[in-house]
Amino acid sequence: MTADTIIPATYNLPIPQRATLRATIRLPFDGTGKTVYAQVWKDFKRRTLILELDVAVKATTPKLTVELQAEWTETRLIKKDAVWDLLVVNADTTREHWLTGNAVLSEAVTEATP
């Protein structure tokens, strides 16, 4: 591990069941030259990808604003609590997990019944 390696922070992401997810996260890092991905995985082994979130990055030095979104048709694929991460790929192709945590399923939203 080098001196500039980032140890991922823990951030639990609430996932609304069968509803659109919108989350905004502000990080104290410069996002210049970086590509950001957000994924929901079955478990911390990161072998089974459940969902890749849409990511919009607003790079404002020295802070980075990341907006995450998933439509209800995607969040309905999540059947129980899972894990998620925010993966950053640098211009030199090195990869860092900046955030990781639980993707906590919120069952407050239910499907309408006729």
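Below or above, wherever it landed, is the structure these notes cover. Per chain, the residues get numbers from 1 upward, laid out in the order the sequence is written. Local features in this predicted model are restricted to residues of pLDDT 70 or higher, and side-chain atom pairs are both shown and tallied only at a pLDDT of 80 or more, whereas totals for entire chains, interfaces and linings draw on every residue. Based on all heavy atoms of the structure, the side-chain values leave hydrogens and waters out of the count.

### A closer look at the overall build of the protein
In terms of helices and strands, the protein carries 1 helix and 8 strands. The helix and strand labels rest on DSSP assignments: H or I over at least four residues marks a helix, E over at least two residues marks a strand, and numbering proceeds from the N terminus. Of the regular secondary structure in the protein, the N- to C-terminal order runs β-β-β-β-β-β-α-β-β. Partly exposed describes any residue whose relative accessible area lies between the buried limit of under 20% and the exposed limit of over 50%, with all areas from a 1.4 Å probe on protein chains only and scaled to the type maximum. Expressed as a percentage of its 114 residues, the buried residues of the protein come to 36%. For this analysis, residues touch if any pair of their heavy atoms sits within 4.5 Å. Summarising the internal contacts of the protein: among those between residues at least 6 apart in sequence, 66% fall at separations of at least 24.

### Regarding the environment of histidine 97
Position of histidine 97 among the secondary structure elements: in strand β8 (residues 95-106). Along the sequence, histidine 97 and alanine 9 sit 88 residues apart, while their C-alpha atoms lie 8.6 Å from each other. Whenever two N or O atoms come within 3.5 Å, that pair is a polar contact, provided that in protein one can donate a hydrogen and the other can accept it, and provided that, for residues adjacent in sequence, both atoms are side-chain atoms. One polar contact links histidine 97 to aspartate 85, side chain to side chain, over a distance of 3.3 Å.

### Here we look at the nonpolar core
We call a set of buried residues a nonpolar core when its members are Ala, Val, Leu, Ile, Met, Phe, Trp, Tyr or Cys and they connect through side-chain atoms within 4.5 Å of each other. Val40, Leu53, Leu68, Trp84 and Leu86 are the most contacted members of the largest nonpolar core, which totals 24 residues. For this core, the elements supplying multiple residues, two or more each, are β2 (13-16), β3 (21-27), β4 (35-41), β5 (49-60), β6 (63-70), β7 (82-89) and β8.

### Brief notes about the pattern of salt bridges
We define a salt bridge as a contact between a side-chain nitrogen of Lys or Arg and a carboxyl oxygen of Asp or Glu at a distance within 4 Å. Following the criterion strictly, the structure yields 2 salt bridges and no others. Linking arginine 46 and aspartate 85 is a salt bridge whose minimum nitrogen-to-oxygen distance equals 2.5 Å. With arginine 46 in the loop between β4 and β5 and aspartate 85 in strand β7, the pair connects residues that are 39 residues apart, well separated along the chain. For the salt bridge of glutamate 67 with lysine 58, the shortest nitrogen-to-oxygen distance reads 3.1 Å. Lysine 58 gets classed as partly exposed once you look at its relative accessible area, which sits at 45%.

### Things to note about unusual backbone geometry
Note on backbone geometry: most residues besides glycine have negative phi, and most peptide bonds are trans. The residue arginine 18 is not glycine, and still its phi comes out positive at about 55°. Looking at where arginine 18 falls in the secondary structure, it is placed in the loop between β2 and β3.

### Things to note about the side chain of glutamate 96
For glutamate 96, the position within the fold is in strand β8. Counting rule for charge: Lys and Arg are taken as positive, Asp and Glu as negative, and neither His nor the chain ends is counted. One buried charged side chain, glutamate 96, makes no salt bridge at all; its nearest oppositely charged neighbour is lysine 34, positioned 5.5 Å away. At 3.1 Å, the side chain of glutamate 96 forms a polar contact with the side chain of tryptophan 98.

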